[in-house]
Amino acid sequence: MLGVPRTFVPLLLLSGLLVGCGSRHSTAVDAQRGNSDGGMQLDAALDSALARCNASGALPSLGPAAINLQRSSVGDWALALHKDLGYQPITIVAARRKEAAAAFDYSVAYQQIAGFIVSVPTTQRTALAQLQLAGKIVVTDFAGGTVVQDNGGRQTQTHDGHDAVLRWRTEIRYNGSGDVSRIRNQLVALLLGRGQSELKHLPAPSPNANGEFIFSLSTILRPDGRAIYLGVVADRSDYLDPAKLTARLFDEIGGASGLAHAGASLELGCETLRTGTKPKVDLIWVVDESGSMRDRRDRIARSADELFGRAVAAGIDFRMGVTNVNASSAAFAGRFCSRISSDANDDGGADRFLSANEAPIFAACIKNPPGWQAVGEYGLMSAVKAITRHRPKEAQRPDRLRPDAEVVVIVIGDEVPLSLSLVIGELNLDKCVLPQTVQQALDKELLPLIDFFSGKSAFATSGQRATMHFIGGLCGSRCQDQKPNVGHGYLEMVQQTGGSAFDICQADFNRSMQNLVDLMATNASPLTLAQQPIVASLQVALDNVVLPAHGAKRYSYDVASQAIALVGVDFQAGSTVLAAYYYWESDPPTS
């Protein structure tokens with residue numbers, strides 16, 4: 001999809017006065033900063049005045065959605081939430097400096113959300129280290145149920161340049177009946193290292209009870225020795241129901257676009273973009289064929305139709321290549337599979353990508369990738385060989401990468417890469433956090449691979465870039481037959497290339513497939529916004545029709561790439577996409 005020049009028009013209409021580009025609407029907000037730990041919903045008059053930012057005039061009523069804006073000087077946060085989320089500051093008994101907390105809730109029956117924001121002092125040097133510390137506490141100390149990680153989060157930077165890991169996610173299987181508010185309150189106490197009796201004004205339990213929940217945690221590290229946790233809990237069945245608002249709110253909060261320093265001001269963004277052809281993705285699957293992976297491969301194969309269907313519905317021009325992890329074999333290293341066979345030694349047929357109408361072959365190839373995996377799992381080396389084997393890029397050849405396609409690699413395995421096993425060490429295979437000296441040695445070993453995937457090395461060739469995702473062992477992963485290794489080596493590559501990690505022990509992979517499709521669509525989309533919107537305020541229209549942010553026909557937005565993708569929506573090249581939103585204009589931190 002080729003973009004054309006876009007228009008970016010921040011403006012403010014307040015009391016009939018037009019204020020020029022770049023002006024803040026700080027007058028209405030900043031006047032109430034005296035109540036620094038309170039907040040207010042943007043008033044109707046201001047919201048109405050800001051509702052006409054469409055640059056082309058085609059949709060004069062399109063504007064950013066109303067938001068609920070809250071500030072805390074103690075926690076040093078400004079937090080912009082969906083307008084229907086209620087907010088409640090939490091009082092901490094004998095609070096330390098930089099320690100603060102608040103809760104927020106969406107209380108519509110059977111769509112309930114229980115969220116929180118927490119500020120804690122820290123000595124950690126990276127957001128990933130802070131998240132690993134928090135994750136270990138949540139997984140091991142949560143009472144009344146079992147916590148299983150299913151997504152390792154995405155390492156990025158916030159709009160104001162702070163190190164962050166977004167949307168680290170777990171499933172919580174409660175013993176008996178629980179509710180989102182009760183679980184949220186326990187998580188807040190755990191992350192603060194306090195008993196619930198030390199926290200005043202915690203919201204009361206919600207009326208809906210169930211046994212299965214999902215929890216997302218985003219971690220932002222501030223340079224003043226402060227970590228911010230942004231978390232949200234939802235009923236699993238509500239989250240999976242596309243007719244409900246639950247998933248949209250859950251993902252909005254987890255993306256942390258609504259978070260800024262307490263002194264940050266809001267500005268208004270309005271952009272006009274043009275569509276081109278469908279985004280193109282060449283997707284390479286690197287599959288561990290060992291015996292311990294048989295059931296996992298079968299479950300992923302059962303998701304093949306789901307994956308292909310979602311990718312088609314998302315409007316992605318995609319191809320799939322399936323290879324093994326047998327990098328030690330010159331004949332099979334990086335070779336793609338293109339036929340259905342139950343012969344473990346089958347060479348996979350023609351070495352080519354699979355097209356969008358070959359889901360049955362894809363499922364068979366996931367179960368039985370080319371050649372027999374004789375020794376070891378060389379997942380990273382096999383990924384490199386799969387890319388280099390299918391170059392130089394050529395547009396019309398099924399055995400070559402396409403010049404205008406995004407390259408995405410998904411590694412599936414339950415062990416660490418054999419090429420890095422000596423560096424990681426046998427005693428560290430199950431550790432969530434590696435010893436510092438081991439992590440430093442591992443990072444050094446990974447540098448050539450990071451350069452290759454980012455297109456910086458001569459071996460990668462100019463312009464070659466690939467995103468890596470990982471389906472494997474995460475901190476706290478628990479499979480029924482055996483516990484997988486924590487995917488050290490793969491997890492660092494995922495973080496460095498902007499990918500995501502998913503738990504190999506999931507009962508089904510449909511939700512992970514949806515997340516992968518959304519990431520592919522946005523990463524390959526040229527509909528990139530000039531500013532990073534507060535997602536709760538973002539409204540998008542295609543050719544004068546406002547699109548929803550959830551459901552079968554919608555837009556998808558990715559915070560890290562700042563890109564919009566049109567999912568399940570028919571459009572022609574040259575169609576007009578309008579986006580209206582608020583974004584942060586940051587002020588210095590309070591302390």
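Note that the structure is predicted; figures quoted are calculated from it, not measured. Each chain carries its own residue numbering, running from 1 in the written order of its sequence. With the structure being a predicted model, the display of local features is reserved for residues of pLDDT at least 70 and the display and counting of side-chain atom pairs for 80 or more, all residues being used for whole-chain, interface and lining totals. Side-chain numbers here rest on the full set of heavy atoms in the structure, without hydrogens or water.

Enquirer: When you look at the overall build of the protein in this model, what are you seeing that I'm missing?
Expert: Looking only at helices and strands, the protein features 14 helices and 26 strands. Expressed as a percentage of the 591 residues in the protein, the buried residues total 60%. Reported accessibility uses the Shrake-Rupley method at a 1.4 Å probe radius. Residues are deemed covered only where the shown protein chains occlude them. Counting only carbon and sulfur atoms, one obtains 51% of the accessible surface of the protein, whose full area is about 22100 Å². Under the DSSP-based scheme used, a helix requires at least four consecutive residues in state H or I and a strand at least two consecutive residues in state E, with every element numbered from the N terminus. When a residue's accessible area, from a 1.4 Å probe over protein chains only, is under 20% of the maximum for its type it is buried; when over 50% it is exposed; and in between it is partly exposed.

Enquirer: Please clarify how the packing of aromatic side chains should be interpreted in this entry.
Expert: Ring pairs (aromatic) are described by centroid distance and by the angle formed between their planes. For Phe, Tyr and Trp, where Trp contributes only its six-membered ring, two rings pair if their centres lie within 6.5 Å, and the inter-plane angle classes them as stacked under 30 degrees, edge-to-face over 60, or tilted in between. The final tally for this structure, using the stated rule, is 11 aromatic pairs. Judged by centre distance (5.2 Å) and plane angle (50°), the rings of Phe308 and Phe362 are tilted. Here Phe308 is found in helix 8 (residues 304–313), whereas its partner Phe362 is found in helix 9 (residues 359–367), with 54 residues between them in sequence. Judged by its relative accessible area of 3%, Phe308 falls in the buried class. Residue classification places Phe362 among the buried residues on the basis of a relative accessible area of 0%. Ring centres of Phe452 and Phe453 lie 5.5 Å apart, and the angle between their planes is 75°; on these two criteria the pair is classed as edge-to-face. As far as burial versus exposure is concerned, Phe452 and Phe453 are alike and both buried. Among the aromatic residues, ring-to-ring pairing joins Trp285, Phe308, Phe318 and Phe362 into one connected group. Placement of a positive charge over a ring is assigned whenever Lys NZ or Arg CZ falls within 6 Å of the ring centre and within 35 degrees of the normal to the ring plane. Here the basic side chain of Arg319 rests over the ring of Phe353, its NZ or CZ set 4.2 Å away from the ring centre.

Enquirer: I keep staring at helix 4 (residues 180–192) and nothing clicks. Help me out?
Expert: Any helix carries an expected span of 1.5 Å times its number of residues minus one. Compared with the 18 Å implied by 1.5 Å per residue over 13 residues, the 18 Å span of helix 4 between its first and last C-alpha is a close match. Most of helix 4 is tucked away: 12 of the 13 residues are buried. Taken together, the buried positions of helix 4 are occupied by Val180, Ser181, Ile183, Arg184, Asn185, Gln186, Leu187, Val188, Ala189, Leu190, Leu191 and Leu192. The N-capping residue of helix 4, defined by a side-chain oxygen 3.1 Å from the backbone nitrogen of Ser181, is Asp179. Immediately downstream of helix 4, the backbone of Gly193 shows phi near 70°, a positive value. We call two N or O atoms a polar contact when they sit within 3.5 Å, provided that within protein one can donate a hydrogen and the other can accept it, with sequence-adjacent residues counted only if both atoms are side-chain atoms.

Enquirer: Can you help me understand the pattern of salt bridges in this one?
Expert: Once the charged atoms of two side chains with opposite charge are near each other, the side chains can pair. Definition used for salt bridges: Asp or Glu carboxyl oxygen within 4 Å of a side-chain nitrogen of Lys or Arg. According to the stated counting rule, one finds 25 salt bridges in the structure shown. Linking Arg184 and Asp105 is a salt bridge whose minimum nitrogen-to-oxygen distance equals 3.1 Å. In this pair, Arg184 sits in helix 4 while Asp105 sits in strand 8 (residues 100–106), placing the two residues 79 residues apart along the sequence. Pair check on accessibility: Arg184 and Asp105 agree, each one buried. The salt bridge involving Glu171 is made with Arg173; its shortest N-O contact spans 3.4 Å. Classification of Glu171 by relative accessible area gives buried; the value is 13%. The class for Arg173 is partly exposed, based on a relative accessible area of 38%.

Enquirer: Can you help me understand the state of the cysteines in this one?
Expert: As used in these notes, a disulfide is a covalent bond between sulfur atoms, one from each of two cysteines. Cysteine sulfur atoms that pair up within 2.5 Å are treated as a disulfide. Applying the stated criterion across every chain, the model contains 1 disulfide. Linked covalently through their sulfurs, Cys337 and Cys365 form a disulfide whose S-S length is 2.1 Å. A torsion of -70° about the S-S bond marks the disulfide between Cys337 and Cys365 as left-handed. Taken together, the positions of Cys337 in the loop between strand 18 (317–324) and helix 9 and Cys365 in helix 9 put the pair 28 residues apart, joining distant regions of the chain. Each member of the pair, Cys337 as well as Cys365, carries the same accessibility label: buried.

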